[in-house]
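Next come the chains, spelled out residue by residue.
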Amino acid sequence: GLTKPWKDFDRSKVYMADLESGLHYLLRVELASHKILEGSELTTLKDFVTVLAKLFPGQQPVVKLLETLQEWLVSLPLDKIPYDAILDLVNNKMRISGMFLTNRIEWVGCQGSQPQYRGYPCSLWTLFHTLMVHAVTRPEMQILPGFDNSPQMVLQAIRRYIQHFFGCRECAQHFEEMAKESMDKVATLDDAILWLWRKHNDVNSRLAGAPSEDPMFPKVAWPTPDHCPRCHEEIQGLHTWKEEEVLAFLKSYYSVDNISFRYSE
Ligand code: FAD
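Residues numbered from 1 in each chain as written. Predicted model: local features only at pLDDT ≥ 70, side-chain atom pairs only at ≥ 80, totals over all residues. Heavy atoms only, no water.

### Notes on the site of the ligand
- Residues in close proximity to the ligand total 23 residues, the closest being Arg118, His174, His200, Lys219 and Tyr254.
- At 2.7 Å from an oxygen atom of the ligand is found a side-chain nitrogen or oxygen belonging to Lys219.
- One nitrogen or oxygen atom from the side chain of Tyr254 is found 2.7 Å from a nitrogen atom belonging to the ligand.
- Surface burial for the ligand is 90%, taken as the share of its 940 Å² of free accessible area covered by protein chains.
- For the shell around the ligand, the secondary-structure elements that each account for two or more residues are helix 5 (120-137), helix 7 (169-182) and helix 8 (189-207).
- By residue class, the composition of the shell around the ligand is 14 nonpolar, six polar and three charged. (Near = heavy atom within 4 Å. Polar contact = N/O pair within 3.5 Å; in protein donor to acceptor, adjacent residues only side chain to side chain. Areas by Shrake-Rupley, 256 points an atom, 1.4 Å probe, with all protein chains shown as cover. Helix = DSSP H or I, 4+ residues; strand = E, 2+ residues; numbered from the N terminus. Nonpolar A, V, L, I, M, F, W, Y, C, P; charged D, E, K, R; others polar.)

### Overview of the nonpolar core
- Within the largest apolar cluster, 76 residues are counted, with the highest numbers of intra-cluster contacts made by Phe48, Ile86, Met132 and Phe175.
- Among the elements that line this core, the one with the most residues is helix 5, at 11 residues.
- Among residues more than four places away in sequence, those in contact with Met132 are Pro151, Val154, Leu155, Leu189, Ala192, Ile193 and Leu196. (Core = buried A, V, L, I, M, F, W, Y, C linked by side-chain atoms within 4.5 Å. Buried < 20%, exposed > 50% of the residue type's maximum accessible area, 1.4 Å probe, protein only. Contact = heavy atoms within 4.5 Å.)

### Looking at helix 5
- Its 18 residues place the ends of helix 5 25 Å apart at the C-alpha level, agreeing with the 26 Å of an ideal helix rising 1.5 Å per residue.
- Most of helix 5 is tucked away, with 16 of its 18 residues classed as buried. (Expected span 1.5 Å × (residues − 1).)

### Details of the packing of helix 2 (residues 39-55) against helix 5
- Look at helix 2 against helix 5: their axes get within 10 Å of each other, and the N-to-C directions meet at 65°. Judged by the twist between their axes, the crossing of helix 2 over helix 5 is left-handed. Contacts between helix 2 and helix 5 involve Phe48, Val51, Leu52 and Leu55 from the former and Leu127, Phe128, Leu131, His134 and Ala135 from the latter.
- Split into classes, the residues belonging to the contact of helix 2 with helix 5 amount to eight nonpolar, one polar and no charged. (Axes fitted to C-alpha atoms, helices over the stretch in contact; angles between N-to-C directions. Left-handed = near helix turned anticlockwise from the far one by under 90°.)

### A short note on the packing of helix 2 against helix 6 (residues 151-165)
- It is at 9 Å that the axes of helix 2 and helix 6 come closest, and there the two elements cross at 130°. Judged by the inter-axis angle, helix 2 sits oblique to helix 6. Handedness of the crossing formed by helix 2 with helix 6: left-handed. Where helix 2 abuts helix 6, its residues Ser40, Glu41, Thr44, Leu45, Asp47, Phe48, Val51 and Leu55 lie against Met153, Val154, Ala157, Ile158, Arg160, Tyr161, His164 and Phe165.
- Looking at the contact of helix 2 with helix 6, its residues break down into 10 nonpolar, three polar and three charged. (Parallel < 35°, antiparallel > 145°, perpendicular 65-115°, else oblique.)

Here you go:
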């Protein structure tokens, strides 16, 4: 494909354009290969959309769409749903007012130096970290049914989304192995944020130098000392993370206040 013109962006920000392009891709492309949703796939989709409806830090029309989709999915008395019905709702064929999701792909913080790099998988990580941080920092979430401060709710919804739907099947398998090993032991919301951060760094380190690595965005232990000097420490010449600082950094980096709406519709 053609390389799009480069967009200037700030590496210390999260871009709504990435989150919305990612949601568009998830709902209109990734799910589209599942013609009928039933059984554990349907349960997984309902739970993931519930998490999105409660925690996606979006503009009103997007949040309205996610809430409408969630209410519709949970209220349907069917055990099978054709994907086309979901698409009709996402495309707002019912003309419900005030509801809209872009159908453009506009990668910003997730743009690659070539079209085969970055994009959707980058936006999915960004979405997961954002949802996880929001589960912790938005106090109203804790009083909603099913959001009883349980760190497992969001983590397990992410895990099962990847397992059932993520188009990169090899990635899904790797992620499931990591989840099996230690996800069940995560006991607090802060631990859940750090678990996802740690596993993402494990993936970065495994993929460093792989053909999928964009040479302009080398896989590194993140956040780098440029991003967060206080997150790093050397003890007797060995690098260590200062996890309380990392946690504080993640809570601020993935917070609502750090989302830029530049390039989004
Ligand atoms: P990404 O790794 O996608 O990161 C996106 C952004 O998140 C970065 O630009 C940075 O701002 C931020 N970030 C980076 N590290 C962290 C961190 N530790 N914590 C918080 N934020 C961070 N590809 C494979 O080839 N094999 C796999 O097995 C594989 N497994 C994957 C599993 C999952 C669940 C996902 C979502 C993706 C997986 N991928 C895998 C894709 C791969 O991880 C990258 O998403 C892809 O290569 C694009 O990399 P990127 O440079 O855009 O950065």
